[in-house]
Structures are given as structure tokens and as C-alpha cells.
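A look at the structure
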Amino acid sequence: MRSKDAGSTFVELMVAMLLTGLIAGASYSVYLTHQRTATDQEQVVEAQDNLRAAMNFLERRIRMAGLDPDCSGTGCNGIVTAQANTLTFTTDFHNEDSVRSPAETVTFTLADSLNDGDNDLVMSVDGGANQPIALNIDALDFVYLDRNGNVTANTDQIRAIQVTVVARTDRPDPGHIDTIQYQNQQGQVIFGPANDNFRRRLLTQTVKCRNLGV
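Keep in mind that this is a model prediction, so the values were computed, not measured. (Residues numbered from 1 in each chain as written. Predicted model: local features only at pLDDT ≥ 70, side-chain atom pairs only at ≥ 80, totals over all residues. Heavy atoms only, no water.)

1. Description of the sheet that holds strand β5 (residues 131-134)
Across the sheet, five strands lie side by side as β1-β2-β3-β4-β5; this open sheet has antiparallel pairing. The open sheet has two free edges, formed respectively by β1 (79-82) and β5, since each of these has just one partner strand. Going across the sheet, the axis of each strand differs from the next one's by a mean of 20°, ignoring polarity. Sheet topology places strand β3 (residues 105-111) next to strand β4 (residues 120-125); six bridges connect them, and they run antiparallel. By the bridge assignment for β4, L110 is matched with L121. (Pairing = 2+ DSSP bridges. Helix = DSSP H or I, 4+ residues; strand = E, 2+ residues; numbered from the N terminus. Axes fitted to C-alpha atoms, helices over the stretch in contact; angles between N-to-C directions.)

2. Things to note about the pairing of β4
Look at any regular strand and the pattern is simple: side chains alternate between the two faces of the sheet. Taken across its six residues, β4 has five buried, putting it largely inside the fold. Two strands pair when backbone bridges link them, and β4 and β5 are joined in this way by three bridges, in the antiparallel orientation. Following the sheet pairing, L121 is matched in β5 by A134. Here β4 folds back onto β5, and the loop between the two strands holds five residues, one of which, D126, carries a positive phi near 55°. (Buried < 20%, exposed > 50% of the residue type's maximum accessible area, 1.4 Å probe, protein only.)

3. Here we look at the nonpolar core
Counting 27 residues, the largest nonpolar core has I62, F108, F142, I161 and V163 as its most contacted members. Broken down by secondary-structure element, the contributors of at least two residues to this core are α1 (10-62), β2 (87-90), β3, β4, β6 (137-145) and β7 (160-168). Among the elements that take part in this core, α1 stands out by supplying six residues, more than any other. Leave out the neighbours within four places in its chain, and F142 touches I62, Q83, A84, N85, T86, L87, F108, I161, Q162 and V163. (Core = buried A, V, L, I, M, F, W, Y, C linked by side-chain atoms within 4.5 Å. Contact = heavy atoms within 4.5 Å.)

4. Considering the pairing of β6
The buried fraction of β6 amounts to nine of the nine residues, a majority that puts the element mostly inside the structure. The sheet contact formed by β6 and β7 spans eight bridges and is antiparallel. Pairing of L145 across the sheet is with A160, part of β7.

5. Points about the sheet that holds β7
Taken in spatial order, the three strands make up an open sheet running β6-β7-β10, and their pairing is antiparallel. Strand pairing shows two members of the sheet lacking a second neighbour, β6 and β10 (200-208), which therefore form its edges. Sheet twist, expressed as the average angle between the axes of neighbouring strands with direction ignored, equals 15°.

6. Details of the pattern of salt bridges
Any two side chains of opposite charge can pair if their charged atoms end up close together. Tallied over the entire structure, the rule returns eight salt bridges. With a shortest N-O distance of 3.3 Å, R52 and D49 are connected by a salt bridge. Of this pair, R52 and D49 both sit in helix α1, separated by three residues, roughly a single helical turn. Taking the relative accessible area as the measure of exposure, D49 reaches 43% and is therefore partly exposed. Through salt bridges that share partners, D118, D138, R168, D178, D196 and R200 make up one connected network. (Salt bridge = Lys/Arg side-chain N within 4 Å of Asp/Glu carboxyl O.)

Now the structure itself:
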């Protein structure tokens, strides 16, 4: 008969080590999963913040399209180029003088401003160099509306612009595949499905150009 004071046998010791290893492994796996989830969530939050900042910037500038304190009638200034992913208009951002003063023709479009292979939302003033406004922007879409809310291609009839932006995370998530088709307010697909590992967010807004047609 085994004495009560006898030590653990080799088998018991091996079982204890195995159980300890299994518990440690499970704990580490849970830690890694939690860490990946936290990192993914942080990436999505950053993308959402980037998207909101981009839309806010666009909305405030586009609302000023056609602003000219020296103009008292129609046809003075306004939309110059109205394309699906490029918008050019005249304005007086600083409300200092008419659009005959420098730095008054503004263009918004997508370009690889950092030469890293990723598109960014950029702004160009008077045909100058592209200034990055928001990074990692996969889609920029403009739809132009007349005073009745109908889609128009006539720059003289534009009174509002539907702006849709798709932003993505800076790093991919290996456990995610993006199969979404991103659409503007007209139901038109403007991006996707990318079928890659990046997470994306879409934001759309209708901006009334209060200085057009006044």
C-alpha cells in the first residue's frame, strides 16, 4: 500500500504538466483573439473617424460653391466640372474678394498623394498640387441634382450634390473578406466587391449649394 506521505509519481507529474500546458495554451489563444479583435475594432474606428472628417470637409466646402460677394446675379460663378468622381467649382473661401482673386478654383478628386498605391481624397486649388484631405479612400462619388431634385448633367442647373465616400482601414484583417457592393443614393454601385481583407465604411450626404442659382 502507498504511504500517504509518498510523493507524486512520474505519471501524475506528466498529467499535471499536460493540464498546465493546455490551460496556458487556451489562455494565450483567448488573449490573441481578444488582441486581434481590439486591433480590428480600433482600425474600424479610425476609418470611421477618417470618413466623417472627409465628409465634413467636403460638405463645408461644397456648400460654398459659387460664392462671390461681388456677384449680384446668376451666371457669375459656380460649377466648372461635374463628373462622377471629380468636382471643380469656383468660390471665395475667405470671403475677401471676387473669384477674380487668386486661389478660387477648387477641385476635389481621388489620387495617390503619397505614392503608396492607395487612393486618397485630395483637393487642388487653381490647378496646383494635390493636397491630401483624407487617406485610404476607395471611392468618391458625386451625383448632381437640379432645383427639383432630379439628376442633371447641366452645370448651370445644379443646386445640390449627393456626395458618397467609401473609406477603408489602414491594415487588412486576415479573418475578414469584403464582399459588399457599395452604392450611392441612386442605387448605383460605386465600388466593390473588393474580395480582399480590408474593412470598409460608406458615408453619403446631400449638400445644398446655397450660392448657386441665386
